Amino acid sequence: MIPVAPAPLQPQAAAPARWQRLWREAVRDPRELLGMLELPEAAVALSDDAAAEFPLRVPRGFVARMRKGDPHDPLLRQVLPLDEELRPMPGFALDAVGDAAAKAGTGVIRKYRGRALLIATGSCAVHCRYCFRRHFPYGQETAAAAGWRQTVDLIRRDASIDEVILSGGDPWSLATDKLAELTRALAEIPHLKRLRVHTRLPVVLPERVDEALVGWIAALPWPLTVVIHANHANEFDAAVDAALARLRDAGAALLNQAVLLRGVNDDVEALAALSERAFAAGVLPYYLHQLDRVQGAGHFEVDDVRARALHAALAARLSGYLVPRLVREVAGDPGKRPL
């Protein structure tokens, strides 16, 4: 009798990390979100059309920081799709900051001297209603396509690039081994000096800062700056503090950029609390952006006169290192424009 050979073992897919499981469990139904917050009456302001155009996504841990029964909660306002988004607003465009004109290659944007910004992915753990890339054609413009080869070749050929910026979407929505694939290739380029990551995940999904990510950071051959994005002091909690501490311990420098948003942080008390809370978590206030005038976000706009007055009041109240620079991004400018 000829023994039957055993069937070859099939490779097993790796189990998803905890942060990936939590990502998949994010709230996607606006009415479910309002039900969780005991706000069924707020559904009258919802827009199914706005949600269809730019879907709701918000991690449940971030929802837990919202105040139940408060339709004006500053965290809720950032994510809830409303009828206001569909109101036509003069001067608001699909490409608010000139990304298309600054394209240097697939998923690569060159706006400022010495820097290359990579659209690493189109995915985010949270969909902020004011996002300046809410209409970006991610399907055609992702630097990770073809194993990063075109992106890395472009950077290798241009010796003027000394800093790479990972953006998106949110670059830390990529699996850590995918990030490592990129940075291993970039490490072979001698003229690179710095790496920067712009991410909201340590704030909205702090579980992303896990052992694998920390190991990736610690092994990088360049200094790493992580620019997080928090707009209100209530976005910080103990889990966020712990994630930020892990990033600092791994050697990352931490900065915060916020957007000035009507109904969220457009008063000096809220802005001061944000700066102080971020600094208490080891994050230095960096930029306070005037709203990028993207179609669908006009209801968040604060006019420049009020923005300057708020910034002056903040500067009069806080130590200088706690005062972020008030800026606007203008297409074609060589850097952020101070206001």
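Engineer: So what's going on with the overall build of the chain? Residues and values would help.
Structural biologist: Scanning the chain for helices and strands turns up 12 helices and 10 strands. The C-alpha atoms of the chain give a radius of gyration of 21 Å, which matches the 20 Å a tight globule of 339 residues would have. Projected onto the principal axes, the alpha-carbon positions of the chain cover approximately 85 × 50 × 40 Å. In the chain, which comprises 339 residues, the share counted as buried stands at 52%. Counting contacts in the chain only where the partners sit at least 6 residues apart, residues at least 24 apart contribute 82% of the total. Per element, the accessible surface of the chain, about 15,500 Å² overall, is 55% carbon and sulfur.

Engineer: Talk me through the side chain of Arg133; I want residue IDs and the actual numbers.
Structural biologist: Mapped onto the secondary structure, Arg133 falls in the loop between β3 (115-119) and α6 (149-157). Take Arg133: its relative accessible area is 6%, and that puts it in the buried class. At 3.1 Å, the side chain of Arg133 and the side chain of Ser167 are in polar contact. If we skip the residues at most four places from it in the chain, Arg133 touches Asp99, Ile109, Leu117, Ile119, Tyr138, Ser167 and Gly168.

Engineer: Outline the sheet that holds strand β7 (residues 253-259), listing residues and values.
Structural biologist: Strand order in the open sheet formed by 10 strands is β1-β2-β3-β4-β5-β6-β7-β8-β9-β10, with mixed pairing between adjacent strands. This sheet does not close on itself; its edge strands, each paired only once, are β1 (103-105) and β10 (337-338).

Engineer: Can you explain helix α10 (residues 238-249)? Please cite residues and give values.
Structural biologist: For α10, spanning 12 residues, the distance from its first C-alpha to its last is 16 Å, which sits close to the expected 16 Å at 1.5 Å a residue. For α10, the full list of buried residues reads Val240, Ala243, Leu244 and Leu247. Buried residues of α10, seen end-on, are gathered within an arc of 95° and therefore sit on one face of the element. The exposed residues of α10 that point more than 90 degrees off its buried face are Ala238 and Asp249.

Definitions and cut-offs
- Residues numbered from 1 in each chain as written.
- Predicted model: local features only at pLDDT ≥ 70, side-chain atom pairs only at ≥ 80, totals over all residues.
- Heavy atoms only, no water.
- Helix = DSSP H or I, 4+ residues; strand = E, 2+ residues; numbered from the N terminus.
- Rg over C-alpha atoms; globule rule 2.2 N^0.38 Å.
- Buried < 20%, exposed > 50% of the residue type's maximum accessible area, 1.4 Å probe, protein only.
- Contact = heavy atoms within 4.5 Å.
- Areas by Shrake-Rupley, 256 points an atom, 1.4 Å probe, with all protein chains shown as cover.
- Polar contact = N/O pair within 3.5 Å; in protein donor to acceptor, adjacent residues only side chain to side chain.
- Pairing = 2+ DSSP bridges.
- Expected span 1.5 Å × (residues − 1).
- Arc of directions from axis to C-beta.

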